[in-house]
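# Fold and contact review
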Amino acid sequence: MIVTGIETPEGVLQADCLILACGTGISPLLDAIGTPLPIMASPAILLRFGATGHVVNTLISGHDIEVRHARNGDILAVEDYPATGGIDDIASDTLAAMKIALTGTESAQLLSQSVGQRPVPADGCPIIGFIGDTTGVYVAVMHPAVTCAATLGRMISEELVTGKALDMLENYRPARFSSGQGCT
């Protein structure tokens, strides 16, 4: 199969390559072209805190907090969904950890919390590259997408512009699922 674009409500958009980097939304798109990949959805808690100033210059990911600033200045935190299902204390525990770890968060307050779904490939490793016999479809799906987005975006762009596969990405190709190799 050769993919040359996508059909949208506004019409067809032609493309040399369609890059699917859409989290859990990738599965129905791949199913539609007959090339499913083993991707599960994992629940996570998204917390939004109001802060009086800019306290994080990048993404911080540690054993007790994972935070970054949103475009409007709010602090975004992500927490794993507890196996027990009890999420009541997650926001207050995260806020307490932030106040200990980050100068400038003393007056931070919870604005909202919600549950979202993160994509998790079946073997736990990113899936990056062209899809098997389908020409023109490149996928990029992984659990730590926000953390890896800038670096992987650069690497994927380099592959697509130069036409040369990067050795660093070879273990993460979609073909590993049909070959039974898995990632290393």
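An account of the accompanying structure is given in this report. (Residues numbered from 1 in each chain as written. Predicted model: local features only at pLDDT ≥ 70, side-chain atom pairs only at ≥ 80, totals over all residues. Heavy atoms only, no water.)

### Things to note about the overall build of the protein chain
When helices and strands are counted, the protein chain shows four helices and ten strands. The order of helices and strands in the protein chain, counted from the N terminus, is β-β-β-α-β-β-β-β-α-β-β-β-α-α. Dimensions of the protein chain, computed from C-alpha atoms along their principal axes, come out at roughly 55 × 35 × 35 Å. The proportion of buried residues among the 184 residues of the protein chain is 35%. For the protein chain, contacts bridging at least 24 residues in sequence account for 63% of all contacts bridging at least 6. Just so you have it, the protein chain exposes about 10800 Å², and 55% of that area is on carbon and sulfur atoms. Here the protein chain holds 9 positive side-chain charges and 19 negative ones, and the gap between their average locations is 6 Å. (Helix = DSSP H or I, 4+ residues; strand = E, 2+ residues; numbered from the N terminus. Buried < 20%, exposed > 50% of the residue type's maximum accessible area, 1.4 Å probe, protein only. Contact = heavy atoms within 4.5 Å. Areas by Shrake-Rupley, 256 points an atom, 1.4 Å probe, with all protein chains shown as cover. Lys, Arg positive; Asp, Glu negative; His and termini not counted. Charge placed at Lys NZ, Arg CZ, Asp CG, Glu CD.)

### Here's the deal with the packing of aromatic side chains
Summed over the entire model, instances satisfying the criterion amount to one aromatic pair. When the ring of Phe130 is compared with that of Tyr138, the centres are 5.0 Å apart and the planes differ by 85 degrees; the resulting orientation is edge-to-face. For Phe130, a relative accessible area of 44% corresponds to the partly exposed category. Judged by its relative accessible area of 0%, Tyr138 falls in the buried class. (Phe/Tyr/Trp six-rings, centres within 6.5 Å; stacked < 30°, edge-to-face > 60°.)

### Comments concerning the environment of Thr94
Mapped onto the elements, Thr94 comes out in helix 2 (residues 90-101). For the pair Thr94 and Thr58, spaced 36 residues apart in the sequence, the C-alpha separation amounts to 18 Å. The contacts of Thr94, once residues within four sequence positions are left out, are Leu47, Phe49, Ile65, Ala77 and Glu79.

### Examining the nonpolar core
Membership of the largest hydrophobic core comes to 16 residues, with the highest contact counts inside it found for Leu47, Phe49, Ile65, Val67, Met98 and Leu102. Among the elements that take part in this core, helix 2 stands out by supplying five residues, more than any other. Apart from the residues lying within four places of it in its own chain, the contact partners of Leu47 are Ile75, Leu76, Ala77, Glu79, Ile90, Ala91, Thr94, Leu110, Ser112 and Gln113. Counting twelve residues, the second-largest nonpolar core is a separate cluster that includes Leu20, Ile26, Leu37 and Ile131. (Core = buried A, V, L, I, M, F, W, Y, C linked by side-chain atoms within 4.5 Å.)

### Remarks on the side chain of Arg173
Within the secondary structure, Arg173 is located in the loop between helix 3 (145-162) and helix 4 (176-179). Side chain to side chain, Arg173 and Glu170 meet in a polar contact 3.0 Å long. (Polar contact = N/O pair within 3.5 Å; in protein donor to acceptor, adjacent residues only side chain to side chain.)

### Examining the pattern of salt bridges
By the definition in use, this model includes six salt bridges. A salt bridge links Asp74 to Arg48, with the nearest nitrogen and oxygen atoms 3.1 Å apart. Taken together, the residues span a long stretch of sequence, with Asp74 in the loop between strand 6 (66-69) and strand 7 (75-80) and Arg48 in strand 4 (residues 39-50) at a distance of 26 residues. Between Glu170 and Arg173 there is a salt bridge; the shortest N-O distance is 3.0 Å. Three or more residues are tied together by salt bridges with common partners; here these are Glu159, Glu170 and Arg173. (Salt bridge = Lys/Arg side-chain N within 4 Å of Asp/Glu carboxyl O.)

### Observations concerning the pairing of strand 6
The side-chain alternation of strand 6 yields one buried face, formed by Val67 and His69, and one unburied face, formed by Glu66 and Arg68. Looking at chain direction, strand 5 (residues 60-61) and strand 6 are connected through two bridges and run antiparallel. Looking across to strand 6, one finds that Ser61 is bridged to Glu66. Turn length for the strand 5-strand 6 hairpin, with the two strands adjacent in sequence and antiparallel, is four residues. Adjacent in sequence and paired antiparallel, strand 6 and strand 7 are bridged by five residues, among which Gly73 carries a positive phi angle near 100 degrees. (Pairing = 2+ DSSP bridges.)

### What to know about the state of the cysteines
Considering all chains together, one arrives at zero disulfides under this definition. Left without a disulfide partner, Cys17 is nearest to the cysteine sulfur of Cys22, which lies 13 Å away. Take Cys17: its relative accessible area is 24%, and that puts it in the partly exposed class. (Disulfide = S-S within 2.5 Å.)

From the geometry alone we can't say anything about function, so treat these as descriptive.
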